[in-house]
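Inside the fold
Below, each chain spelled out in residue letters.
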Amino acid sequence: MSHESLLYTVTQLAAGLGITVRTLHFYESQGLISPQRAGNTRVYTQRDRARMILILRGKRLGFSIKEIKEYLELYDIDPTHAQQTKALLKAVQSRIHSLEEQRLALEETLIELREIERQATDALKTIETQPKAARKPAVATK
DNA sequence: CTTCTTACA
DNA sequence: TGTAAGGA
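Residues numbered from 1 in each chain as written. Chains lettered and ligands numbered in written order. Predicted model: local features only at pLDDT ≥ 70, side-chain atom pairs only at ≥ 80, totals over all residues. Heavy atoms only, no water.

The name given to chain A in an unreviewed UniProt entry is DNA-binding transcriptional MerR regulator, and the organism recorded there is Acidocella aromatica.

Laid out in structure tokens, this is it:
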């Protein structure tokens, strides 16, 4: 396994992943990655890079740092990846369910807003149609 | 100039 | 996560 030695500096890895150095420091502070150190300077390995790719995907799909961290921890131990795969499936199904609930709530909100929009539009149409003489100002004109 | 930590937004 | 600050 001689390919496990490709190393990166913070700047290189950040650029390669399309993120900032600050982001790498952030995930490290959250315990999701733990790069080696050459003195006090961080040295990232291929493994760190692979983990970051998983982290970024998890974030993109809406998972919390905690959830992503738990998944990565399982990924480390269980070699067969059986346990983490089951956990992943569960988390993914949960996320799908959550998003579907949000979609339902969103659709109901849109229905209500469109109803209000319709009523307001009708009300204005009625008002604008009335002759000026028929309108009664709420406040007397100076 | 690059990197690191700490802290606040 | 961005940004700023201060040190190595």
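Having seen the structure, we can now continue with the description.
Description of helix α1 (residues 10-17)
Along an α-helix, residues three or four positions apart point the same way, because every turn accommodates 3.6 residues. Among all positions in α1, only V10, L13, A14 and L17 are buried. Within α1, the buried residues cover an arc of 100° as seen down the axis, which keeps them to one side. Within α1, the exposed residues directed more than 90 degrees away from the buried face are T11, A15 and G16. Those residues of α1 hidden inside the fold are in contact with α2 (21-29), β2 (41-43) and α3 (46-60). (Buried < 20%, exposed > 50% of the residue type's maximum accessible area, 1.4 Å probe, protein only. Helix = DSSP H or I, 4+ residues; strand = E, 2+ residues; numbered from the N terminus. Arc of directions from axis to C-beta. Contact = heavy atoms within 4.5 Å.)

Points about the protein's contact with DNA strand C
Looking at DNA strand C, the residues that line it are T20, R22, T23, F26, Y27 and K59. Sugar plus phosphate: this is where 53% of the atoms of DNA strand C within 4 Å of the protein reside. Within the side chain of T20, one N or O atom sits 2.7 Å away from a phosphate oxygen of DNA strand C. Within the contact set of DNA strand C, a phosphate oxygen lies 2.8 Å away from a side-chain nitrogen or oxygen of K59. Looking at side-chain class alone, the surface near DNA strand C contains 2 nonpolar, 2 polar and 2 charged residues. (Near = heavy atom within 4 Å. Polar contact = N/O pair within 3.5 Å; in protein donor to acceptor, adjacent residues only side chain to side chain. Nonpolar A, V, L, I, M, F, W, Y, C, P; charged D, E, K, R; others polar.)

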